[in-house]
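Spelled out from the first residue to the last, the chains are:
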Amino acid sequence: MAALRRLGTAVDGNFQGPAGGMVPRSPRLLASNGSAPRSPAAGGRREEEAASGGGGPGLAALRPTPAKPPLGSGKIKKLFAAPGAGGGKPRKRAPLWQAALFVSVAIHVGLFLHPYVNSTAPPRRHHHPQEPQACLTHPEAAGSGGGRRRATQEKAWAAGAPSTGKPAVTPESVINLDHGDPTMFEEFWRGTGAAAEIVIPGWQTMSYFSDVGNVCWFLEPGLDHEVRRLHRLVGNAAVDGYHVLVGTGSTQLFMAALYALSPPAAAPMSVVSTAPYYSSYPAVTDFLQSGLFRWAGDAGSFTGDTYIELVCSPNNPDGAIREAVLSSESGVAVHDLAYYWPQYTAITRRADHDIMLFTVSKSTGHAGTRIGWALVKDRDVAKKMTKFIELNTIGVSKDSQLRAAKVLRAVSDAYELSGAGEEHRRLFDYGRRKMAERWSMLREAAAASGIFSLPDETSGYCNFTEDMASTNPAFAWLRCDREDVEDCASFLRGHKILTRSGSQFGADPRYVRVSMLDRDDAYDIFVKRLTSLK
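Predicted model, so just to flag it, every value in this text is computed and none were measured.

> A description of the overall build of the protein chain should follow, citing residues and the corresponding values.
Each helix and strand in the protein chain was counted, giving 16 helices and 17 strands. The long-range share in the protein chain, meaning contacts at least 24 apart out of those at least 6 apart in sequence, stands at 73%. For the protein chain, the accessible area works out to roughly 28200 Å², and carbon and sulfur atoms hold 55% of it.

Okay, here's the thing in structure tokens:
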């Protein structure tokens, strides 16, 4: 066996372990001449002589020098070194009992190392977070189909393949439309080729810093450029005279804005939004129970003068175009414009609010990249928001920023640089067609069921497309009108459709929010299932 061969050819008598280390023998072994073990001092002196050149340069010069000598290595050398090897005297034939002792030790150590050296079993793989635990022990996993599927998964994980999000669905699957996971856009990006691909060498993006002269010192200049370029192209937001800040999604920027706009005071700043409001606003505001700010509910019923009003337009969940409803010298507004893009609504004006929040999640569909940006007028507010992100996460991933910049560049290039026949590369055209098709299907399904209703369809002149454009929100604000249904989310859950209850948006639980951004297979099953409900 391999271990025995190594032991038989060892020069200094040390045993090589399974990880390449040396396994020392017990210090109570006999010396090579059969006498009792010498004192540690004597053995140490002889080793020092060998290290300084005593005994000739031959084998010592070829032996690698370990970082630390193995425990007991001197005594092992005494056991297996030929008598007189260090003093230049003629060698004597080793007694027969020494050869027998060597063979015995080699066999025992070889048997001990055998399972480590010769084992061909694959290492145990930890459970992957996206693989159902049952797949590891399910009887069908031993079959040919389960085995091939598992082997394919293991091969993909070993190769560093990225996740693909939610798995494909079947007509019997639970359809989860609770989250606004924008996987609908995968089809578009699969057809763009290398336009949005990026390779980052191992030595790049290692520093914390991107542009130390910028207010947002961790913002990559390339992302700054592409953000401003895209807004100028679409015409949905002013960028001249604004500071661009980058965050880990717009949620982090929302928290940074609350921090920057809430100076220390006797009472926390009230945070409000008109109902139905985005369900995460209350949760994020009160999550850390900050003494600087607190959730105060519906802006429509708020009576104070000091506040932060959150204005989401188009609104999540109902797609309505919103404006601030409060007005006060000591009140401020933060405009969440995550859905103000041509695939969802007509671009009717160039927004120029004091603080505007955007994200690649809903503009391009790259939710997993976790990049959002803010356009901020006031330099002091921009600095405070930057400080929050610095203390929260010490900046934002440069790798994600570079990818986001490449994606935004691909979007702008498709409109500014591509010629005839390349219309398929235009994201907003694709998104607009897709959303219009889905909303048409949903309205037909709601009408066929007779128990569901949707907000009226609206339209307006879009400055970007230079024509009339209908409003096709990223979410459907669906109401169940059946008299015996008081909780629409529970009713749909009973039919294997997961949605988000209107109660989480400060509204009637007979409403639910339905994501319109899932893959075609899930959306098609949802529409068919909705049509069958009476």
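> Give a detailed account of the side chain of S449, specifying residues and quantitative values.
Looking at the secondary structure, you find S449 in helix α14 (residues 427–449). In contact with S449, not counting residues within four places along its chain, are L530, T531, L533 and K534.

> How would you sum up the environment of A333? Please name residues and give values.
Relative to the helices and strands, A333 resides in strand β8 (residues 331–336). The class of A333 is partly exposed, set by a relative accessible area of 24%. In this structure the C-alpha to C-alpha distance between A333 and V271, which are 62 residues apart in sequence, comes to 9.7 Å.

> Can you lay out the sheet that holds strand β11 (residues 452–453) for me, pointing to particular residues and giving the numbers?
Paired through backbone hydrogen bonds, the strands of a sheet run either parallel or antiparallel to each other. A sheet is described by the order of its strands in space; here four strands give the open sequence β11-β14-β17-β16, paired in antiparallel fashion. Two strands in the sheet have a free side with no partner beyond their single neighbour: β11 and β16 (500–501).

> I'd like to hear about the sheet that holds β8, residue by residue, with values.
Across the sheet, which stays open at both edges, the seven strands sit in the order β4-β10-β9-β8-β7-β5-β6 with mixed pairing between neighbours. Of all the strands in the sheet, the pair left with one neighbour each is β4 (243–247) and β6 (293–298). Between one strand axis and the next, the sheet turns by 25° as a mean value, whatever way the strands run. Bridging between strand β5 (residues 269–273) and β6 involves five bridges; their strand directions are parallel.

> Break down a nonpolar patch on the surface for me, with residues and values.
Side chains of Y208, F209, V212 and I394 sit close together on the surface and give an oily, nonpolar patch of about 460 Å² of accessible area. The residue I394 is located in the loop between α12 (379–393) and α13 (398–416) in this model.

> Before we move on, can you summarise the pattern of salt bridges with the specific residues and values?
Summed over the entire model, instances satisfying the criterion amount to 18 salt bridges. The salt bridge partner of E186 is R519, with a shortest N-O separation of 2.9 Å. Of the two residues, E186 is situated in helix α7 (residues 186–190) and R519 in the loop between β17 (511–515) and α16 (520–532); the sequence distance between them amounts to 333 residues. When its relative accessible area of 16% is taken as the criterion, R519 is described as buried. Between R409 and D413 there is a salt bridge, and its shortest N-O distance comes to 3.6 Å. Placement of both R409 and D413 in helix α13 is noted, with a separation of four residues, approximately one turn of the helix. Three or more residues are tied together by salt bridges with common partners; here these are E226, R229, R409, D413 and E416.

> Account for the pairing of strand β12 (residues 459–462), with residues named and values stated.
In the sheet, β12 pairs with strand β13 (residues 467–470) via four bridges, with the strands oriented antiparallel. Across the sheet, residue S459 finds its bridge partner in β13, namely S470. Taking the residues between adjacent antiparallel strands as the criterion, β12 and β13 are bridged by four residues, where E466 takes a positive phi near 60°.

> Quick one: what's the story with unusual backbone geometry, residue by residue and with numbers?
Cis geometry is found at the peptide bond from A275 to P276, where omega equals -5°. Between S313 and P314 the backbone carries a cis peptide bond, its omega angle lying at -10°. We note that I394 has phi near 50°; this positive angle belongs to a residue other than glycine. I394 sits in the partly exposed class, given a relative accessible area of 47%. Backbone geometry at K496 places phi at a positive 60°, although glycine is not the residue there. Following the sequence through the fold, K496 ends up in the loop between α15 (488–493) and β15 (497–498).

> So what about the environment of V325? Which residues, and what values?
Among the secondary structure elements, V325 is positioned in the loop between β7 (307–312) and β8. The sequence separation of V325 and S273 amounts to 52 residues, and the corresponding C-alpha distance is 8.9 Å.

> Kindly report on α16, identifying the contributing residues and their values.
In this model α16 runs 19 Å from its N-terminal to its C-terminal C-alpha over 13 residues, within 8% of the 18 Å that 1.5 Å per residue would give. All buried positions along α16 are accounted for by A522, Y523, I525, F526, V527, R529 and L530.

> I'd love a proper account of the confidence of the model for the protein chain, names of residues and values included.
When pLDDT is averaged along the protein chain, the result is 80; 70% of the residues meet or exceed 70. Counting contacts from residues 111–144, a segment whose pLDDT is below 50, to residues more than four positions away or on other chains yields 32 contacts.

> Run through the packing of aromatic side chains, naming residues and quoting values.
Any pair of aromatic rings gets described here by the distance separating the centres and the angle formed by the planes. Inspection of every chain in the model, using the stated rule, returns 21 aromatic pairs. The interplanar angle of 45° and the centroid separation of 5.1 Å between the aromatic rings of F209 and W217 together place this pair among those described as tilted. According to the relative accessible area criterion, F209 is partly exposed, its value standing at 44%. Seen from their ring centres, Y259 and F388 are 5.6 Å apart, and the 40° between their planes marks the pair as tilted. You can see Y259 sitting in helix α9 (residues 249–261) and its partner F388 sitting in helix α12, a full 129 residues away along the chain. The partly exposed category is assigned to Y259, whose relative accessible area is 32%. For F388, a relative accessible area of 15% gives the class buried. The structure contains a cluster of three or more aromatic residues connected by ring pairs, namely W341, F358, W373, Y415, F428 and F464. Here R513 stacks its cationic end above the ring of F475, 3.8 Å away from the centre of that ring.

> Lay out the nonpolar core with the relevant residues and their values.
Ranked by size, the top nonpolar core spans 109 residues in total, and within it L375, M385, F452, L492 and F526 carry the most contacts. Contacts of L375, omitting those with residues within four sequence positions, involve V227, H231, A237, A238, V239, Y242, H243, V244, D354, I355, M356 and F358. By size, the runner-up hydrophobic cluster in this structure holds five residues, among which are V272, F302, Y307 and L326.

> I'd like a rundown of the environment of F526, residues and numbers included.
Mapped onto the secondary structure, F526 falls in helix α16. Contact partners of F526, with chain neighbours within four places excluded, come to I175, L177, L442, I497 and V514.

> Could you give an account of the side chain of H366, with specific residues and numbers?
Here H366 shows up in the loop between α11 (360–363) and β10 (372–376). At a separation of 2.8 Å, a polar atom in the side chain of H366 contacts the side chain of T364. Not counting the four nearest positions on each side in its chain, H366 is found in contact with W189, V360, S361, R403 and V407.

Here is what the cut-offs are and how they apply
- Residues numbered from 1 in each chain as written.
- Predicted model: local features only at pLDDT ≥ 70, side-chain atom pairs only at ≥ 80, totals over all residues.
- Heavy atoms only, no water.
- Helix = DSSP H or I, 4+ residues; strand = E, 2+ residues; numbered from the N terminus.
- Contact = heavy atoms within 4.5 Å.
- Areas by Shrake-Rupley, 256 points an atom, 1.4 Å probe, with all protein chains shown as cover.
- Buried < 20%, exposed > 50% of the residue type's maximum accessible area, 1.4 Å probe, protein only.
- Pairing = 2+ DSSP bridges.
- Axes fitted to C-alpha atoms, helices over the stretch in contact; angles between N-to-C directions.
- Patch = residues over 30% accessible without salt bridge, like charges linked within 9 Å, V, L, I, M, F, W, Y side chains within 5 Å.
- Salt bridge = Lys/Arg side-chain N within 4 Å of Asp/Glu carboxyl O.
- Expected span 1.5 Å × (residues − 1).
- pLDDT = per-residue confidence, 0-100.
- Phe/Tyr/Trp six-rings, centres within 6.5 Å; stacked < 30°, edge-to-face > 60°.
- Lys NZ or Arg CZ within 6 Å of the ring centre and 35° of its normal.
- Core = buried A, V, L, I, M, F, W, Y, C linked by side-chain atoms within 4.5 Å.
- Polar contact = N/O pair within 3.5 Å; in protein donor to acceptor, adjacent residues only side chain to side chain.

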